[in-house]
Amino acid sequence: MNFLKNDWTDLLKDEFQKPYYINLRKLLIYEYKNFEIYPKAEDIFNAFNYTAFKDLKILILGQDPYHNPGQAHGLAFSVNRGVKIPPSLENIYKELHDDLGCLVPKTGYLKSWTDDGIMLLNTTLTVRKNMPMSHSKIGWEFFTDRVIEIINEKKEPVVFILWGGHARSKKKFITNKRHLVIEGPHPSPLSAYRGFFGSKPFSRANKFLEENGISSPSWQIK
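Now for a look at the structure at hand. (Residues numbered from 1 in each chain as written. Predicted model: local features only at pLDDT ≥ 70, side-chain atom pairs only at ≥ 80, totals over all residues. Heavy atoms only, no water.)

As for a nonpolar patch on the surface
A contiguous nonpolar patch, built from Leu27, Tyr30 and Phe35 and spanning about 270 Å² of accessible area, is present on the exposed surface. With respect to the helices and strands, the residue Phe35 is situated in the loop between helix H2 (19–34) and strand S1 (37–38). (Patch = residues over 30% accessible without salt bridge, like charges linked within 9 Å, V, L, I, M, F, W, Y side chains within 5 Å. Areas by Shrake-Rupley, 256 points an atom, 1.4 Å probe, with all protein chains shown as cover. Salt bridge = Lys/Arg side-chain N within 4 Å of Asp/Glu carboxyl O. Helix = DSSP H or I, 4+ residues; strand = E, 2+ residues; numbered from the N terminus.)

Comments concerning the nonpolar core
Among the nonpolar cores identified, the biggest contains 65 residues, and Trp8, Phe48, Trp113 and Phe143 are the most heavily contacted of them. Tallying contributions element by element places helix H6 (residues 140–152) first for this core, with 6 residues. Residue contacts for Phe143: discarding those within four places in its chain leaves Leu12, Glu15, Phe16, Tyr20, Tyr21, Phe45, Phe48 and Leu125. (Core = buried A, V, L, I, M, F, W, Y, C linked by side-chain atoms within 4.5 Å. Buried < 20%, exposed > 50% of the residue type's maximum accessible area, 1.4 Å probe, protein only. Contact = heavy atoms within 4.5 Å.)

Details of the side chain of Asn46
Along the chain, the position of Asn46 falls in helix H3 (residues 46–50). Residue classification places Asn46 among the buried positions, given a relative accessible area of 6%.

Some words on the pattern of salt bridges
Under the counting rule described, the total for this entry stands at 12 salt bridges. In this structure, the salt-bridge partner of Asp98 is Lys94, at a minimum N-O distance of 3.4 Å. One end of the pair is Asp98 and the other is Lys94, both in helix H4 (residues 87–100) and 4 residues apart, which spans about a single turn. The partner of Asp115 in a salt bridge is Lys111, with the nearest N and O atoms 2.8 Å apart. Note on Asp115: relative accessible area 54%, which makes it exposed.

Side note on the packing of aromatic side chains
Applying the stated rule across the entire model yields 25 aromatic pairs. An angle of 20 degrees between the planes, with centres 5.0 Å apart, marks the rings of Phe3 and Phe45 as stacked. Linking Phe3 in the segment before helix H1 (8–12) with Phe45 in the loop between S1 and H3, this pair joins segments that are 42 residues apart in sequence. Pairing Trp8 with Phe53 gives two aromatic rings, centres 5.4 Å apart and planes at 80 degrees, and the pair type is edge-to-face. A residue pair is termed long-range when its members are at least 10 positions apart, and Trp8 in helix H1 and Phe53 in the loop between H3 and strand S2 (58–62) qualify at 45 residues. An aromatic cluster is defined as three or more aromatic residues linked by ring pairs; in this entry it consists of Phe3, Trp8, Phe16, Tyr20, Tyr21, Phe45, Phe48, Phe53, Trp140, Phe142 and Phe143. When the ring centre of Phe53 is taken as origin, the NZ or CZ atom of Lys154, which lies over that ring, is 4.5 Å away. (Phe/Tyr/Trp six-rings, centres within 6.5 Å; stacked < 30°, edge-to-face > 60°. Lys NZ or Arg CZ within 6 Å of the ring centre and 35° of its normal.)

Looking at H4
For H4, spanning 14 residues, the distance from its first C-alpha to its last is 20 Å, which sits close to the expected 20 Å at 1.5 Å a residue. The set of residues buried in H4 consists of Ser88, Leu89, Asn91, Ile92, Tyr93, Glu95, Leu96 and Asp99. Downstream of H4 by a residue or two, Gly101 has a phi angle that is positive, lying close to 80 degrees. (Expected span 1.5 Å × (residues − 1).)

As structure tokens, this is what we get:
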């Protein structure tokens with residue numbers, strides 16, 4: 001359990017003892033040994049380690065990690081500094097500029113969001129090289145179901161931003177009326193024009209938080 005470094009440790013400790021997760025861990029050991037898997041094993045839980053539960057204001061839920069070399073590092077939609085900004089993130093930046101007027105950054109490294117209470121989680125936490133969704137049915141779906149249930153139980157209002165079909169499938173676990181759900185198409189070039197552009201998720205999230213006495217995050221990537 002030492003791979004979790006904050007209050008998520010106690011919240012998820014029971015999950016790591018369940019049969020499905022024990023089987024998932026065994027499979028991951030095999031996968032990392034025999035295939036190129038992203039992100040690095042030590043980065044799988046970065047979304048949790050970078051945003052403590054107590055600080056969580058907004059959950060952005062994506063699909064699975066980037067499957068090209070050097071991109072994924074455990075935060076949905078984010079890439080390490082120096083890595084070319086992927087098309088999905090370019091579209092997120094375009095909507096962010098149109099919605100809030102934020103300057104389009106030259107980096108795809110989104111850690112500054114996580115420092116401000118924005119959790120960047122995928123529904124699946126690992127992937128084989130060049131094989132999108134290759135780990136989507138190996139057990140991660142049960143794990144992230146439980147994560148959504150835990151966040152749903154949070155006493156303070158949370159904004160859930162669900163982008164794409166895999167993320168939107170988790171909506172059924174968000175039953176607490178104190179929270180706000182913003183859902184829409186995935187920002188990938190294949191679907192962004194089907195309603196992602198113009199959806200104004202960032203200003204809607206800010207408005208909801210401020211109406212509930214919670215400071216809105218700085219969306220400007222630093």
